[in-house]
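# Structural description and commentary
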Amino acid sequence: MENTLDLKFTYTDKKDTRSGFGDGLLEAGRRNPNVVGLCADLIGSLKMGAFQKEFPERFFQTGIAEANMMGIAAGLTIGGKIPFTGTFANFSTGRVYDQIRQSIAYSGKNVKICASHAGLTLGEDGATHQILEDLGMMKMLPHMTVINPCDYNQTKAATLAIAEHEGPVYLRFGRPVWPIFTPANQKFEIGKAWKMIDGKDVTIFATGHLVWEAVIAEAMLREEGISAEVINIHTIKPLDTEAILDSVAKTGCAVSAEEHQYNGGLGDSIAQTLARHHPAPMEYVGVDDSFGESGTPTQLLEKYGLNAANIVKAVKKVLERK
Amino acid sequence: MEKQSIEQLQKIASQVRRDILRMVHAVQSGHPGASLGCTEFFVALYFNQLNHNPDFKMDGKGEDLFFLSNGHISPVWYSVLSRSGYFSPEEMSTFRKLNSRLQGHPATEEGLPGIRIASGSLGQGMSVAIGAAQAKKINGDDSTVYVLMGDGEQEEGQVWEAAMYAAHWKVDNLIATIDLNRQQIDGPTKEIMDLIDLRAKYEAFGWEVVDTLEGNNMSSVLEGLEKAKYMSSQGKPVLNLLHTEMGYGVDFMVGTHKWHGVAPNDEQLADALGQLAETLGDY
């Protein structure tokens, strides 16, 4: 379907976002000797092998012990290190929430919690590993910055940016091979939304893998004469409320799109912003209070209503409410 | 800091116990039992063993670091920190009150000098201490990192993740102490969750273990700490099993878990203070 559409963004290559993290980490390590890596027995999955190989003395294998890893990371910051922890998103958040809350967020420690295999696109491993609540958990923590980039290039840029940012960060990325449609060597500004496509009828606020689905949806809508604005919210917290309000002031309605539960995700942050400052009709594209299951990423995005076709549906619904 | 003699340390300990009781009494909340039980340890550490600088810097470069994992015994730590110059003893009067830097459990949020991590939710401190110790190794800083945990706290799984890690990665600039007072909130550890033989457990995990059999005897505590220091830097983390009595120093509080988280009333405070000489001046 992508091939027949007039897309505003295109790609020639595909890669997993976790590789963007791995490559970004290696470069961050070269730029700053204080950058250190920790991993709980998932070096290959997190693409941390190159960093480990080049900086063995700055790499800490913790074994399958994520709680301990979070504490060690917090302790390393005290000696001036900038620790990047790596494990699956599920084990980076829910499993270690209290460790993050007390030893990292409340203690204001400069730890970068880097989480792969987030969301449904983890695929065949199924619901035990497909966390869909992590953005909510992390954004509720005071002091925490929450970032969910959309492709390889943006993930690499985000990894470099958070190395230079003082304070705890949750960086979420994923497993599937995904189109690379944003520029290489882009500047990543934490907390600054990126308006990718101008439009006037509706604003689609998308994050993570679903930014690509939003790009497809925009082209589909354009064919039907609907002008959609697409805004890439790579930083869930702090949220760029100004960009959100400016856009909705123009378009008058909003659709959020994310690989996360409705509860607690980007959609909730947008809804809160609109409710407080500029009430407007809004629809959610996300997971509606259920766990995932095994399947291919494409099958799962379709079954749970998280692809371009469902964004189009949500846009049509919200336009009727305007 | 200058190392204090045993006699001086005993005098300081008496004042620290007064501080603990007066802080907890003033707000009718806090944890006096294990604070009193660990007083000799804290005083020996801060006034004799640690190479530390009360002109507080978070990174503690070139200094020995101390982490309190069982954060509820904050009163003893606050007293020792203030009495060794980190902040004015007057500030102890704000303990647990609104807008205070002396939070119920130690925190960094308000910027209290001497505190490097929040603690209170149990089981986390040893992991943090390991991270700080490994950062010292990378930085070529040969100082020592200390952490204190409770014995009931050994029931937390994270402690054993950390114990396994420290031995495997030879974190030998780490000295962990367990306050072995054999009590926890719901009763004796033997009944709630029997720890059986902590020495055997830690040795099996690859640690060196020192027993400080008289954890409320200043010279015994010093001896234990010195022995632990001597055994460090030899490829293994070191555990100091500190045998203490909860509530030590006050006759009606000693040896029971009843005073874990209970404050004395006016009469009880007067009775307790009557047993403890005011050696440095009450705040």
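To keep things clear, this report deals only with the structure shown in the data block. (Residues numbered from 1 in each chain as written. Chains lettered and ligands numbered in written order. Predicted model: local features only at pLDDT ≥ 70, side-chain atom pairs only at ≥ 80, totals over all residues.)

## Comments concerning the overall build of chain B
Keep this limit in mind: Only DSSP runs of H or I covering at least 4 residues are called helices, and only runs of E covering at least 2 are called strands; the numbering of each starts at the N terminus. Radius of gyration: C-alpha atoms only; globule rule: 2.2 Å multiplied by the number of residues to the exponent 0.38. Labels follow a simple rule on C-beta atoms placed from the backbone: if 20 or more others lie within 10 Å of a residue's own, it is buried; if 12 or fewer, it is exposed; otherwise it is partly exposed. Whether two residues are in contact depends on their C-beta atoms, placed from the backbone: they are in contact if these lie within 7 Å.
If you tally the helices and strands in chain B, you get 10 helices and seven strands. Computed over the C-alpha atoms, the radius of gyration of chain B is 17 Å, within 12% of the 19 Å expected from 2.2 N^0.38 for a compact globule of 283 residues. For chain B, the spread of C-alpha atoms along the principal axes amounts to about 50 × 45 × 35 Å. A burial count over chain B gives 54% of its 283 residues as buried. Contacts in chain B between residues far apart in sequence, at least 24 positions, make up 75% of those at least 6 positions apart.

## As for the overall build of chain A
Within chain A, the secondary structure is distributed over 13 helices and 14 strands. Computed over C-alpha atoms, the radius of gyration of chain A comes to 19 Å, within 12% of the 20 Å expected from 2.2 N^0.38 for 322 residues, which places it in the range of a compact globule. Principal axes of the C-alpha set define a box for chain A whose edges measure 60 × 40 × 35 Å. At a minimum sequence separation of 6, the contacts of chain A that also span at least 24 residues come to 81%.

## Thoughts on the packing of helix H4 (residues 66-78) of chain A against helix H5 (residues 125-138) of chain B
Threshold: Structural elements are reduced to axes, namely lines fitted to C-alpha atoms, with helices fitted over the stretch in contact, and the angle between N-to-C directions of any two is expressed from 0 to 180 degrees. Should an angle fall under 35 degrees it is taken as roughly parallel, and over 145 as roughly antiparallel, whereas 65 to 115 is taken as roughly perpendicular and any remaining angle as oblique. Working rule for handedness: look at the near helix, and if it is turned counterclockwise from the far one by less than a right angle, call the crossing left-handed; if clockwise, right-handed. The classification used treats Ala, Val, Leu, Ile, Met, Phe, Trp, Tyr, Cys and Pro as nonpolar, Asp, Glu, Lys and Arg as charged, and all other residues, Gly among them, as polar.
Interaxial distance between H4 of chain A and H5 of chain B falls to 6 Å at its minimum, and their mutual angle equals 45 degrees. Overall, the two elements H4 of chain A and H5 of chain B adopt an arrangement that is oblique. The way H4 of chain A lies across H5 of chain B gives a crossing that is right-handed. Here Asn68, Gly71, Ile72, Ala73, Ala74, Gly75, Leu76 and Ile78 of chain A of H4 of chain A come into contact with H5 of chain B, specifically with Ser127, Val128, Ala129, Ile130, Gly131, Ala132, Gln134 and Ala135 of chain B. A breakdown of the residues in the contact of H4 of chain A with H5 of chain B according to their chemical character gives 10 nonpolar, six polar and no charged.

## Section: the interface of chain A and chain B
Interfaces are often sized by the amount of accessible area the parts lose when they come together. Residue-level contacts link 25 residues of chain A with 26 residues of chain B. For the side of chain A that touches chain B, the elements supplying multiple residues, two or more each, are H4 and helix H6 (97-105) of chain A. With nine residues, H4 of chain A is the single largest residue contributor to the side of chain A that touches chain B. Residues of the side of chain A that touches chain B, tallied by class, amount to nine nonpolar, 12 polar and four charged.

## Some thoughts on the nonpolar core
Nonpolar side chains in soluble globular proteins tend to be buried together. Residue and element names in this part refer to chain A. To keep things clear, this is the line we draw: To count as a nonpolar core, a set of buried Ala, Val, Leu, Ile, Met, Phe, Trp, Tyr and Cys residues must be joined through C-beta atoms within 7 Å. Either an automatic procedure or a domain database provided the assignment from which the domain bounds are taken.
Counting 186 residues, the largest nonpolar core has Ile204 and Ile311 as the members making the most contacts within it. Split by domain, the residues of this core number at least three in each of domain 1 (2-9 + 188-320) and domain 2 (14-179). With sequence-adjacent residues up to four places away left out, isoleucine 311 is seen in contact with Ile204, Glu213, Ala214, Ala217, Val255, Ala257 and Val285.

## Considering the environment of isoleucine 104 of chain A
On the secondary structure map, isoleucine 104 of chain A appears in helix H6. It is 9.6 Å that separates the C-alpha atoms of isoleucine 104 of chain A and valine 169 of chain A, two residues lying 65 residues apart in sequence.

## Brief notes about H4 of chain A
Residue and element names in this part refer to chain A. Stated formally: Multiplying one less than the number of residues by 1.5 Å gives the expected span of a helix.
Its 13 residues give H4 an end-to-end C-alpha distance of 19 Å, which sits within 8% of 18 Å, the value for a rise of 1.5 Å per residue. Summarising burial for H4: 13 of the 13 residues are buried, a large majority. Looking one or two places after H4, you find glycine 80, whose phi comes out positive at around 85 degrees.

## A few points about the packing of helix H10 (residues 241-251) of chain A against helix H11 (residues 266-277) of chain A
All names here are of chain A. Packing of H10 against H11 leaves a shortest axis separation of 10 Å and a crossing angle of 65 degrees. Relative to H11, the element H10 is oriented roughly perpendicular. Once H10 is placed against H11, the crossing between them reads as right-handed. Across from Thr241, Ile244, Leu245 and Val248 in H10, the residues of H11 making contact are Ile270, Thr273, Leu274 and His277. Of the residues belonging to the contact of H10 with H11, the class tally is five nonpolar, three polar and no charged.

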